[in-house]
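# Examining the three-dimensional arrangement
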Amino acid sequence: MRIHIIFITLLASLAVPVWGQFGTGKSEFIFPMGIACDRQGNIFVSEVGNDRIQKLGREQEWLAWWGHYGSDTLSLNDPIGITITDKDLILVADSGNRRVIAFDQDGHYRYQFQLPDSACPWGLAARDDLIYLSDENRCLVEVRQWDGTLVLSFGGPGPEPGRFLKPRGIAVDKEGQIWVVDSGNNRIQVFSPQGELIKHFGSYGDGEGEFDNPSGIAISGTGLIYVVDSGNDRFQEFSAEGAFRSQGGTTGQEMMQFYNPVGIAVDAQGNLFITDCDNHRLQFLSSQ
């Protein structure tokens with residue numbers, strides 16, 4: 001497998017480009033999954049092993065955590081996807097509790113809505129007062145209002161274009177197009193705001209533009225697409241048209257090495273934040 005260590009470099013302005021270790025304490029992680037950045041540069045990480053959310057500051061300093069195993073409004077059960085709304089609320093795909101739950105910046109409960117018993121919410125995105133979620137179990141993408149009212153649903157199980165097997169990461173671009181990581185089909189699918197298939201790309205493999213159980217996805221302010229290729233322990237970069245541009249990462253425990261990376265976020269400056277899940281840590285990289 002050819003791995004190009006691309007223009008993305010370890011970020012010199014960040015204190016610790018590889019950060020965290022296995023544990024239950026502050027700035028420690030057990031299977032970190034989702035990651036999101038707010039407009040102030042704070043970083044929020046969901047952990048399925050600790051059933052909690054951790055908040056880090058711009059300099060990676062620990063700021064807060066909240067959550068523990070359970071099903072009440074202060075608890076979580078296998079939280080995966082996480083996103084930040086335009087109003088700076090933290091939305092979490094609380095997969096084990098089959099719900100989406102919202103907190104403020106300090107971890108105070110704000111609201112929730114329940115999903116069907118057969119659901120497994122995985123990826124989350126928010127835009128223009130709408131919530132976009134991928135449901136891994138039901139092989140659906142849903143668009144909902146803040147109170148959980150269903151606006152749009154599309155997909156269904158299968159390998160055909162427009163259908164899904166284990167949909168995971170989800171992102172919405174500036175045009176309102178919905179980008180979905182179709183993990184079980186090893187591809188990315190792109191839909192219109194109305195849920196109509198626009199294009200898809202990718203197939204199983206370890207070559208350029210190929211995937212092995214991809215998971216997270218993020219879109220930069222300039223329209224570049226970043227996909228975490230979990231089974232290949234790397235991430236890949238694509239153009240807004242879905243054309244492969246480059247990739248980075250190998251298997252291991254050193255810098256720019258991963259062991260089942262899952263989540264990815266990009267901030268306003270183009271810096272990348274990746275949850276290196278089975279290494280129980282985060283990696284911070286930059287395009288500068």
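Predicted model only: the values in this text are computed from it and were never measured.

Reading the values: the criteria
- Residues numbered from 1 in each chain as written.
- Predicted model: local features only at pLDDT ≥ 70, side-chain atom pairs only at ≥ 80, totals over all residues.
- Heavy atoms only, no water.
- Helix = DSSP H or I, 4+ residues; strand = E, 2+ residues; numbered from the N terminus.
- Buried < 20%, exposed > 50% of the residue type's maximum accessible area, 1.4 Å probe, protein only.
- Polar contact = N/O pair within 3.5 Å; in protein donor to acceptor, adjacent residues only side chain to side chain.
- Contact = heavy atoms within 4.5 Å.
- Pairing = 2+ DSSP bridges.
- Axes fitted to C-alpha atoms, helices over the stretch in contact; angles between N-to-C directions.
- Phe/Tyr/Trp six-rings, centres within 6.5 Å; stacked < 30°, edge-to-face > 60°.
- Lys NZ or Arg CZ within 6 Å of the ring centre and 35° of its normal.

Before going further, it helps to examine unusual backbone geometry. Most of the time, phi is negative for any residue but glycine, and the peptide bond is trans. If you check the backbone angles, Phe-31 has positive phi at about 55 degrees while not being a glycine. As for its placement among the helices and strands, Phe-31 is situated in the loop between β2 (18-19) and β3 (32-37).

Let's shift gears to the side chain of Glu-47. Tracing the chain through its elements places Glu-47 in strand β4 (residues 43-47). Taking relative accessible area as the criterion, Glu-47 reaches 0% and is therefore assigned buried. A distance of 3.0 Å separates a polar atom in the side chain of Glu-47 from the backbone nitrogen of Ile-30. Residue contacts for Glu-47: discarding those within four places in its chain leaves Glu-28, Phe-29, Ile-30, Phe-31, Pro-32, Arg-52, Gln-54 and Pro-79.

This part covers the pairing of strand β22 (residues 244-248). Of the strand pairs in this sheet, strand β21 (residues 234-238) and β22 are connected by four bridges, and their pairing is antiparallel. By the bridge assignment for β22, Phe-235 is matched with Gly-248. Hairpin connection from β21 to β22: five residues lie between these consecutive antiparallel strands, with Gly-242 at a positive phi of about 90 degrees.

Ordered in space as β11-β12-β13-β14, the four strands form an open sheet in which the pairing is antiparallel. The sheet is open, and its two borders are formed by β11 (121-127) and β14 (150-155), each paired with just one other strand. On average, adjacent strands in this sheet sit at an angle of 15 degrees to one another, irrespective of strand direction.

Remark on secondary structure: sheet strands pair via backbone hydrogen bonds, oriented parallel or antiparallel. Strand order in this open sheet of four strands is β7-β8-β9-β10, and the pairing throughout is antiparallel. Every other strand in the sheet has two partners, leaving β7 (79-84) and β10 (109-114) as the edge strands with one partner each. The sheet shows a mean angle of 20 degrees between the axes of neighbouring strands, taken without regard to direction. Bridging between β7 and strand β8 (residues 90-94) involves four bridges; their strand directions are antiparallel. Looking across to β8, one finds that Thr-83 is bridged to Leu-91.

This next bit is on the environment of Trp-179. Position of Trp-179 relative to the elements: it lies in strand β16 (residues 178-182). Judged by relative accessible area, which is 1%, Trp-179 ranks as buried. For Trp-179, the side chain forms a polar contact with the side chain of Asp-173, separated by 3.0 Å.

On to the side chain of Asn-185, then. Relative to the helices and strands, Asn-185 is located in the loop between β16 and β17 (187-191). Among the polar contacts listed, one links the side chain of Asn-185 to the backbone oxygen of Gly-158, at a separation of 3.1 Å. Leave out the neighbours within four places in its chain, and Asn-185 touches Gly-158, Pro-159, Arg-163, Phe-164 and Leu-165.

Note that strand β5 (residues 52-56) and strand β6 (residues 62-66) share four bridges and pair antiparallel. From the neighbouring strand, Ile-53 faces β6, where its bridge partner is Trp-66. Hairpin connection, β5 to β6: the antiparallel pair is bridged by five residues, and Gln-60 has positive phi, about 70 degrees.

Moving on, we come to the packing of aromatic side chains. This model, assessed by the stated rule, comprises 14 aromatic pairs. Seen from their ring centres, Trp-19 and Phe-29 are 6.0 Å apart, and the 70 degrees between their planes marks the pair as edge-to-face. Residue Trp-19 is found in strand β2, and its partner Phe-29 is found in the loop between β2 and β3; the two are separated by ten residues along the sequence. Note on Trp-19: relative accessible area 13%, which makes it buried. By relative accessible area, Phe-29 is classed as buried at 0%. Both rings, one in Phe-235 and one in Phe-258, keep their centres 6.3 Å apart while their planes meet at 85 degrees; by these two values the pair is edge-to-face. Taken together, the residues Phe-235 in strand β21 and Phe-258 in strand β24 (residues 257-258) connect sequence positions 23 residues apart. A single burial state applies to Phe-235 and to Phe-258, both of which are buried. Directly above the ring of Trp-65 sits Arg-52, whose terminal nitrogen or CZ lies 4.4 Å from the centroid.

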